[in-house]
Every structure is written in structure tokens, then in C-alpha cells.
Amino acid sequence: GVRAALESGARLVILVNNDVRITPGVFGAMRRAADQPAVGIIGLPIREPEGMVWGGGRVSWWTLKARLARHPTAPAALHYIHGACFGLTRACVERIGMLREDFFLYWEDVEYGFRARRAGFTFAVAHTSPLSHLSSSHGVGRETPRTYYLVRNAVYLVGEWGTLPVRWWVRMLTPLRRWVATVRGKRIVARALADAARGVMGPAPQDL
């Protein structure tokens with residue numbers, strides 16, 4: 001879809017989850033934000049069941065968690081723009097490429113944000129009424145295929161973007177996390193950590 005849009009001459013490609021309700025005027029606000037110099041990714045204020053998200057978030061390297069900005073935050077302080085609905089400028093995609101399909105699901109928006117920053121692009125958060133993201137909290141507290149991607153892909157992200165101490169910490173901690181998950185009957189978490197250690201990427205295994 002992104003390739004088709006660019007081939008048709010689009011200056012901005014907007015990716016939207018199927019569980020997001022769009023507010024009137026949003027796309028115009030995103031186009032205006034994209035006109036700012038050096039902007040590569042445009043986010044939005046998004047209302048989720050857990051509260052507001054102000055454009056994106058930051059990575060907590062030591063806990064392997066992506067922390068969404070729950071209060072108004074300057075775009076320059078964000079590590080990534082929330083992938084529930086975000087815009088990619090043509091210049092950004094042409095320079096750094098597409099979203100990583102080998103991540104397949106979850107953390108690909110975070111990885112893309114780091115790539116964009118490294119290439120010299122900035123983020124913008126469009127001034128518009130909040131969107132509604134309807135199902136971000138589904139499955140919290142129980143294991144689902146979502147759990148697999150969140151756990152596995154976080155390990156990959158650290159391997160590529162974490163500092164040397166953080167990479168060492170995760171490498172040492174992963175076997176312990178896998179043992180604890182196994183003891184506690186967290187089968188999907190244990191499988192995700194094992195697959196991360198083996199370099200398995202892409203869609204979740206069929207036997208989950």
C-alpha cells in the first residue's frame with residue numbers, strides 16, 4: 001500500500017489501524033504538519049481505554065517496555081510515533097525504506113522511529129481533536145499471540161538499538177526470564193524468548 005501510494009505521487013502516506021475512529025479534519029492537520037522542514041513522521045493525540053497518548057512514546061531499555069506519552073510531550077522528546085495512526089513523509093520513506101516486515105507485528109513503529117531519527121528526520125504531532133483507539137487494552141493480563149510479538153520483538157529492538165550495557169543486560173537476563181516464564185506456566189512468553197535467542201522472525205509459529 002505504501003509503495004502504491006508513493007508510485008501515485010503521494011507526498012504523505014497515512015497508516016491507520018482498523019480499530020481507530022477518525023476525527024474530521026485529521027488528515028488535513030497531518031498534511032500541514034508534514035510541511036514543516038525535516039519532518040519524517042507525524043503523530044496525533046489518541047484517546048485509548050487507558051488514557052490519552054500524545055503522539056508517541058519512549059523506550060525503557062532496562063525493562064524492555066515502550067512507554068506511551070500520557071501527558072503533552074514535545075515531539076523532540078519522543079523515541080517513536082504511535083503506530084495506531086501515523087503519517088510518513090515521502091522523503092522519509094525514500095531515504096530509510098519501508099517498515100520492517102520481519103517484525104511482522106508490534107515494535108515496528110518503534111524501530112522505524114529510531115531509523116528516522118538517525119537519518120536526521122524529526123517528528124511532529126498534528127494539532128487536531130483526539131482520535132479514538134478502541135481496543136489497545138484487549139488481552140491485558142493473559143497470554144495471546146500479541147504477547148509473543150511484544151516479548152520477542154523487544155529483544156530484537158534492543159539488539160539493534162540498545163547501548164552496549166543494555167545489550168549485555170538483556171543477553172544475560174533472557175535465560176532467567178525464560179526459566180521464570182516456564183516455571184510460571186507462561187508458555188507463550190517462554191517460546192517468544194527462545195525464538196528471540198534463535199533469531200526467529202516474521203509471523204508467529206502455528207503451534208503457539
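To keep things clear, this report deals only with the structure shown in the data block. (Residues numbered from 1 in each chain as written. Predicted model: local features only at pLDDT ≥ 70, side-chain atom pairs only at ≥ 80, totals over all residues. Heavy atoms only, no water.)

1. Description of the packing of helix α4 (residues 108-118) against helix α5 (residues 145-161)
Okay, step 1: With their axes 10 Å apart at the nearest point, α4 and α5 run at an angle of 15° to one another. Classed by the angle they form, the pair α4 and α5 counts as roughly parallel. For the pair α4 and α5, the sense of crossing is left-handed. Residues V110, E111, F114, R115 and R118 of α4 form the contact with α5, whose own contacting residues are L157, E160 and W161.
Okay, step 2: Split into classes, the residues belonging to the contact of α4 with α5 amount to four nonpolar, no polar and four charged. (Axes fitted to C-alpha atoms, helices over the stretch in contact; angles between N-to-C directions. Helix = DSSP H or I, 4+ residues; strand = E, 2+ residues; numbered from the N terminus. Parallel < 35°, antiparallel > 145°, perpendicular 65-115°, else oblique. Left-handed = near helix turned anticlockwise from the far one by under 90°. Contact = heavy atoms within 4.5 Å. Nonpolar A, V, L, I, M, F, W, Y, C, P; charged D, E, K, R; others polar.)

2. Quick word on the pattern of salt bridges
Okay, step 1: With the rule as written, the count across this model stands at ten salt bridges.
Okay, step 2: As a salt-bridge pair, R100 and E160 come within 3.0 Å of each other at their nearest N and O atoms. Taken together, the residues R100 in the loop between α3 (90-96) and α4 and E160 in helix α5 connect sequence positions 60 residues apart.
Okay, step 3: In this structure E160 comes out as partly exposed when scored by relative accessible area, which is 40%. (Salt bridge = Lys/Arg side-chain N within 4 Å of Asp/Glu carboxyl O. Buried < 20%, exposed > 50% of the residue type's maximum accessible area, 1.4 Å probe, protein only.)

3. Brief notes about the packing of aromatic side chains
Okay, step 1: Considering all chains together, one arrives at five aromatic pairs under this definition.
Okay, step 2: Between W61 and F114, the ring centres sit 5.6 Å apart and the planes meet at 35°, which makes this aromatic pair tilted. Here the residue W61 occupies a position in the loop between β6 (56-60) and β7 (65-68), and F114 occupies one in helix α4, the gap between them amounting to 53 residues.
Okay, step 3: With a relative accessible area of 17%, W61 lands in the buried category.
Okay, step 4: Aromatic pair F104 and Y149: ring centres 5.6 Å apart, planes at 35°, arrangement tilted. Here the residue F104 occupies a position in the loop between α3 and α4, and Y149 occupies one in helix α5, the gap between them amounting to 45 residues.
Okay, step 5: The exposure class of F104 is partly exposed, given its relative accessible area of 43%.
Okay, step 6: When its relative accessible area of 5% is taken as the criterion, Y149 is described as buried. (Phe/Tyr/Trp six-rings, centres within 6.5 Å; stacked < 30°, edge-to-face > 60°.)

4. Let's talk about a nonpolar patch on the surface
Okay, step 1: A grouping of W62, W168, W169 and M172 is seen on the molecular surface, where their side chains present a nonpolar patch of about 470 Å² in accessible area.
Okay, step 2: Along the polypeptide, M172 turns up in helix α6 (residues 164-183). (Patch = residues over 30% accessible without salt bridge, like charges linked within 9 Å, V, L, I, M, F, W, Y side chains within 5 Å. Areas by Shrake-Rupley, 256 points an atom, 1.4 Å probe, with all protein chains shown as cover.)

5. Some words on the side chain of E48
Okay, step 1: Examined against the element boundaries, E48 turns out to sit in strand β4 (residues 45-48).
Okay, step 2: Overall, the relative accessible area of 7% leaves E48 in the buried class.
Okay, step 3: A polar side-chain atom of E48 sits 2.8 Å from a polar atom in the side chain of H82. (Polar contact = N/O pair within 3.5 Å; in protein donor to acceptor, adjacent residues only side chain to side chain.)

6. Details of the environment of S60
Okay, step 1: As for its placement among the helices and strands, S60 is situated in strand β6.
Okay, step 2: Along the chain, S60 and R32 lie 28 residues apart, while their C-alpha atoms are 31 Å from each other.
Okay, step 3: If near-sequence neighbours (up to four positions away) are discounted, S60 is found in contact with K65 and R67.

7. Some points on the sheet that holds strand β8 (residues 80-81)
Okay, step 1: Pairing in this open sheet of three strands is antiparallel, and the strands run β7-β6-β8 from one edge to the other. Either end of the sheet is taken by a strand with one partner, and the two such strands are β7 and β8.
Okay, step 2: Note that β6 and β7 share four bridges and pair antiparallel. By the bridge assignment, S60 is partnered in β7 with K65. (Pairing = 2+ DSSP bridges.)

8. Quick notes on the environment of H82
Okay, step 1: With respect to the helices and strands, the residue H82 is situated in the loop between β8 and β9 (85-89).
Okay, step 2: Between the alpha carbons of H82 and V158 there is a distance of 18 Å; along the sequence they are 76 residues apart.
Okay, step 3: Excluding anything up to four places from it in sequence, H82 contacts I46, E48, V53, G55, G56, L68, D109 and H133.

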